[in-house]
Structure formats: structure tokens, C-alpha cells
Amino acid sequence: MKVLIVGSGGREHALAWKMKQSPQVSQVFVAPGNDGMRSVAELVSARTNEAILSFIQREKVDLTFVGQEAYLVDGLVDQIESAGFKAFGPTAAAAALEGSKAFSKDFMHRHQIPTARYEIFREEDKAFAYLESMNAPYVIKASGLAAGKGAVICQDLEEAQNTVRQMLSGQAFGESGRTLVIEEFMNGEEASFFVLTDGKDFVAFPSCQDHKRIGELDQGLNTGGMGAYSPAPIVTPEIEKIIIDRIVKPTISGMAAEGNPYKGVLYIGLMIDHGEAKVVEYNCRFGDPECQVLMLKLKSDLYGLAVAAAEGKLAQEIVEWHSESAVCVILASGGYPEQIEKGKIISGIELLPSDSKPERQSSQIFHSGTRLDGSVYRTDGGRVIGVASIGINLEKALQQAYQNIGKIYWEGMVYRRDIGSKGLMHCRDMRPEKSVGIVIGSKSDLEIARKATALLERFEVGYRFCITSAHRSPIRTREFINQSEAMGVEVFIAMAGMAAHLPGVVAAETTKPVIGVPIVSTLDGMDSLLAIAQMPPGVPVATMATNGAVNAAILSLQILSLRYTDLRAKLKLYKIEMEQQVVVSHKEAGLESI
Ligand code: AMP
Ligand code: GLY
């Protein structure tokens with residue numbers, strides 16, 4: 001069978017890679033594609049609907065899989081089907097779920113599908129009046145397609161009014177912005193949910209999370225997506241059931257009932273908060289880079305599934321998934337998503353697994369925007385390469401992907417180091433309620449101890465706390481340690497001033513790690529520092545600098561993180577945050593950028 005995939009990014013590379021593995025598929029074409037896909041597909045230069053259709057007719061293509069939204073909204077599937085060929089994707093009328101936010105919001109309203117409260121506007125004065133009735137932040141969206149940039153979140157009213165003015169005048173997004181949606185701001189964590197449907201039945205893909213912002217810790221401008229992973233632990237089985245019952249089923253049945261049965265991949269952008277899921281947006285195709293991870297997860301034959309969906313026979317399909325976690329980290333050009341630098345020589349690609357071998361591998365790279373120049377690849381877009389991996393768990397998959405990234409280089413290459421961290425933070429691996437035991441020698445040490453407890457609270461690590469003395473209440477000290485160990489405490493922090501024997505007493509009683517914090521009370525703290533640092537061999541106390549409560553807390557978190565995945569992720573983000581603070585302070589000092 002001959003398959004044509006329409007589009008040119010990493011999503012289409014992943015689709016071509018997966019199609020190529022089908023025993024039913026003899027040839028894969030991609031229009032227009034990019035050079036990086038040549039190992040699995042033949043590139044076709046057709047870009048317009050007409051050129052694509054005549055290629056299909058000439059080559060007698062058995063199935064056309066349309067990856068990119070603009071073609072769908074523009075009716076490419078309608079044209080292919082009218083010409084008597086098979087196409088996978090929604091018709092233009094069904095693709096309006098993505099192509100017109102005004103249509104999709106009204107559709108959700110008609111079918112009681114949970115989404116943000118909204119109004120649609122074409123006139124400035126009515127939009128301004130509505131804005132005044134709302135509170136910041138204001139969410140303003142161009143109704144039409146805007147390459148993923150059409151949603152603007154404004155922190156104050158003036159900015160919101162300017163955004164409305166620019167959209168309605170056509171200045172911001174041309175015709176796409178002349179109708180706009182203003183909606184309520186939703187709190188929560190985002191996830192992406194995909195279903196493949198034939199208009200009646202559907203297959204749900206494993207849950208997924210994308211990273212839309214360019215900067216680490218979700219800072220900076222929105223992009224097409226800087227990385228993805230699947231499954232996303234935020235989508236618990238309970239939430240998944242809610243998504244299917246309250247969103248997926250009413251969407252598919254609602255579209256059919258309105259005479260626009262939706263066939264193809266439906267991408268539901270979700271906001272999840274306190275066990276509830278609301279629709280942020282619908283898209284009428286796979287997400288990019290979500291598609292890359294979902295293609296690694298899919299065990300079944302993509303061709304068979306797509307044909308079943310195109311023919312309305314999805315109910316007969318049994319779909320299998322790989323149970324492991326999959327990730328994709330995007331490598332982008334310097335300047336993305338604004339002014340991008342193209343044409344840079346990419347080195348290291350040859351060191352990575354190549355997709356020329358169609359059998360499944362645990363690592364893959366998918367080309368989003370590369371160009372072959374003789375025998376070297378050059379960058380040719382904002383997003384350039386997706387480095388994808390599949391592993392026994394999310395952390396292992398991420399390690400593999402980042403290891404591969406270390407082999408690739410071009411001038412100005414950017415990527416986020418925190419892809420998947422949110423997922424890891426949901427991996428709570430059954431931590432005891434209290435993991436750290438803190439003892440202080442006196443009430444006067446409380447203020448310093450609070451610096452440690454505040455950090456533990458921020459990392460959501462439970463602790464036990466006790467004022468006790470090495471010299472005045474040794475039995476109480478021993479009891480606290482014994483009780484704490486019985487409750488699952490894994491690290492002790494002991495803080496004391498003067499002849500600070502408390503950490504030593506704790507270390508004498510436990511086999512858990514003990515962190516000592518000398519507190520300044522006399523002799524500039526030198527007495528307590530020496531008392532703690534000079535433990536006899538065999539009874540170690542990790543000694544912090546005087547008043548080193550923050551580092552004691554961090555070290556205790558680092559010790560715990562050897563066992564707990566979520567803490568490993570949180571510590572990584574903490575480091576990135578410290579780094580960002582340094583950069584901000586450099587900027588605030590008015591120094592030149594380096
Ligand atoms: P959209 O183009 O509708 O997907 O919006 C792009 C991004 O803007 C989303 O992925 C969210 O991060 C954010 N966003 C959109 N609508 C809302 C909303 N009502 N509340 C909060 N964030 C939103
Ligand atoms: N990754 C988001 C999108 O494809 O729209």
C-alpha cells in the first residue's frame with residue numbers, strides 16, 4: 001500500500017517512521033516533508049491542495065494522512081474523498097473545532113462540555129465592556145488559526161484592551177483575529193489527550209503533557225511545544241474516566257448529531273485542577289511533539305488503525321501500547337520562537353540511532369526542520385530536532401534522551417532541561433508522612449531552624465520537630481530519635497550552639513545520616529562548629545557552616561532524593577531557579593548581557 005503524509009515537521013517524521021513499520025505499507029511519501037525524513041519516506045514537493053490531489057491521483061495513493069491543521073481546515077480531506085481516494089483526518093466542517101474558536105466554544109456550550117466561561121466579540125466596545133466585568137488575568141483568543149500564537153494572556157486591563165484592538169483591526173493575526181473569544185482564566189495543570197475516531201467509535205491514546213513555553217520553569221513566550229512525555233501522571237485513571245465521559249463522548253456524539261461527524265485525530269487540550277478537567281482548546285490533528293511520544297508508545301499498526309478510522313470500522317480494532325514511558329525533547333534554533341537563526345551546521349546526528357532500521361528502538365530522533373547540504377545537515381526552522389526515548393519509567397526515558405542530546409550541537413541550539421519534571425513530581429513513591437527529624441537545643445535556635453523547616457515545607461517533605469538538650473534531657477533526646485525512626489524518619493538535622501553536643505548524641509543513637517548545624521551564640525560560633533565537626537571516627541555528623549539551616553535542609557532533601565523520584569525532580573528545578581535568579585540579578589544590576 002502507498003501512504004502519503006501531509007506536513008513537514010517532527011510530527012510527520014514520527015508518522016512516516018511508524019507507517020514505514022507496517023507490514024501492509026510498501027511506500028511512504030511525505031508532502032512537503034523535510035530532508036531528515038528521507039530515510040523512511042520519499043519527499044514530494046506538492047504544497048497546495050491541488051498539487052497534493054494530483055500526486056494522489058497520479059501515484060494512486062491508498063491512504064493520505066493529513067498531519068497539519070491548515071490543510072484540514074482548508075478542506076483537503078473533503079477534496080481527496082470527493083476524488084474517490086481514502087483520507088485520514090476531519091473534513092473542513094469538522095476541523096472547525098480547531099479552525100474557529102467561536103464555533104468550538106459555542107459547540108461546547110451546546111453540549112455542556114466543561115470549558116472556561118466565555119463570550120465572542122467582533123466589536124471593540126462590547127469586548128471592552130466584557131473585559132471590565134472580569135478580573136485579571138484576561139484570556140483573549142483570535143478565533144481563527146494563528147499558528148499556536150492566537151491565545152494571549154494579559155495581566156492588566158490596558159494590555160487586554162490593546163490586544164483586543166490589535167486583533168479586531170486585523171493587525172495581530174489578520175482575518176483570524178477579526179472575531180475573538182474572551183474567556184475566564186483557568187488555574188491548574190495542562191495535559192493533552194488524544195483520541196482517534198471514525199465519527200462513532202474511538203480509541204484513546206495514553207495521556208500526554210506538552211511544554212509550551214520556550215523557557216525552563218515555564219517562563220517566556222509560547223512555542224509550538226518544547227517537549228512532551230507520556231503517560232502523564234496528572235491524568236489519573238479517575239480523571240481519564242471524567243475526560244472520556246464528559247468530554248470525549250459528548251464531543252464525538254455532538255459532532256455526529258450536528259451532521260459533522262468527526263473523523264481523524266482529535267486533540268483535546270485540558271486544564272486539570274482539583275480532580276476536574278476542562279477543555280482549553282480542541283485541535284484537529286496530532287500535537288507536535290506529542291505525536292513523537294505517542295508513536296513510540298503505539299505497538300499496533302498505525303496504517304491498520306488509520307484505515308479503520310477512515311472506513312468507519314474502528315469498533316473492530318484492538319489497539320496495543322507499549323507500557324513504558326516515552327519522552328521527546330525539542331532542540332530549537334537560537335532566537336526561537338521569535339527571530340530564528342537558520343542554516344547552522346548540525347554536528348553529532350550520525351552518533352544517534354537512525355530510523356533507517358524500521359524495527360523499534362529505545363531512542364529515536366525526529367527531524368522538525370533540517371536541510372541536507374551535501375552530506376551535512378543544517379538547521380532549517382525554529383524547532384529543528386526532537387530527541388525521543390522510551391524507557392521503563394519516565395526518569396529512565398528522560399536520562400536516555402538527555403544523554404543523546406549531549407551528542408548533538410549547533411551554534412545557538414536551545415532546549416529545556418526540565419522536560420518531564422512535572423510528571424516526575426507526581427511520582428510520590430509512598431513517602432512516609434514524616435521523613436526528617438529535627439532537634440534543636442534551645443528555643444533561641446527556633447528562628448534559624450525555621451529556615452530549614454520552610455524549605456522542607458516547600459518541597460512537601462514532612463518533618464518532626466523537638467527542642468531537647470544533650471546535657472539536660474538525654475533520655476528525651478533518645479526517645480525522640482527512637483520514635484522518629486519508628487515513624488519512618490530517614491535523616492536527622494541537629495542544631496545547637498555553644499558546646500554543641502546534640503548532633504553527636506543523635507549520631508550516637510541512630511544509624512541514619514545526621515546533619516549538624518552549629519549555631520552562633522558565643523565565640524562567633526567557633527565553639528559550636530568545632531564541637532560538631534570533631535566527631536570521633538565511626539560516628540559522622542555532616543557539619544554545615546554556622547547557621548547553615550538552609551543547606552542542612554537541602555542536604556537532607558538530597559539524601560532523601562536518592563530514594564524518591566519527586567524530590568530528584570524538585571531539586572533539579574530548584575537549581576534551575578537559583579540559576580535564573582543569578583541571571584535576573586545580573587540584568588537588574590544593568591550589566592551587559594554575556
Ligand atoms: P490555546 O491556543 O487555546 O491552546 O491556548 C494556548 C495556551 O494558553 C494554553 O495552552 C494555555 O497555556 C493558555 N490558556 C488558554 N486558555 C486559557 C484559559 N482560559 N486559562 C488559562 N490558560 C489558558
Ligand atoms: N504541541 C502543541 C500543538 O501541537 O499544538
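Each value, and the rule that gives it
- Residues numbered from 1 in each chain as written.
- Chains lettered and ligands numbered in written order.
- Predicted model: local features only at pLDDT ≥ 70, side-chain atom pairs only at ≥ 80, totals over all residues.
- Heavy atoms only, no water.
- Helix = DSSP H or I, 4+ residues; strand = E, 2+ residues; numbered from the N terminus.
- Buried < 20%, exposed > 50% of the residue type's maximum accessible area, 1.4 Å probe, protein only.
- Phe/Tyr/Trp six-rings, centres within 6.5 Å; stacked < 30°, edge-to-face > 60°.
- Lys NZ or Arg CZ within 6 Å of the ring centre and 35° of its normal.

Asks: Could you clarify how one ought to interpret unusual backbone geometry in this entry?
Replies: Leaving glycine out, the prevailing phi sign among residues is negative, and the prevailing peptide bond configuration is trans. Ala-136 connects to Pro-137 through a cis peptide bond whose omega is -5°. On the secondary structure map, Pro-137 appears in the loop between helix H7 (124-132) and strand E7 (138-142). Note the cis peptide between Asp-288 and Pro-289, where omega equals 25°. Here Pro-289 lies in the loop between strand E17 (276-283) and helix H10 (290-297). Even without being glycine, Met-498 reaches a positive phi, approximately 50°. Structurally, the position occupied by Met-498 is in the loop between strand E25 (491-497) and helix H16 (502-509). Judged by relative accessible area, Met-498 falls into the partly exposed class, the value being 48%. Residue Leu-523 is not a glycine yet carries a positive backbone phi of 50°. Here Leu-523 is to be found in the loop between strand E26 (514-519) and helix H17 (526-533). Classification of Leu-523 by relative accessible area gives exposed; the value is 63%.

Asks: Whenever I open this one, the packing of aromatic side chains confuses me. Can you help?
Replies: Aromatic ring pairs are defined here through the distance separating the ring centres and the angle between the ring planes. Counted by the stated rule, this structure contains 12 aromatic pairs. Ring geometry for Trp-17 versus Phe-366: centroids 5.4 Å apart, planes at 75°, classification edge-to-face. On the criterion of sequence distance, the pair formed by Trp-17 in helix H1 (residues 10-20) and Phe-366 in strand E19 (residues 363-367) is long-range, its members being 349 residues apart. The two residues Trp-17 and Phe-366 agree in class, both being buried. Among the aromatic residues, those joined into a cluster by ring pairs are Phe-194, Phe-205, Tyr-267, Phe-286 and Trp-321. We note Arg-431 situated over the ring of Tyr-564; from NZ or CZ to the ring centre the distance is 5.5 Å. One residue, Arg-450, lies across the ring of Phe-465, its end atom 5.6 Å from the ring centre.

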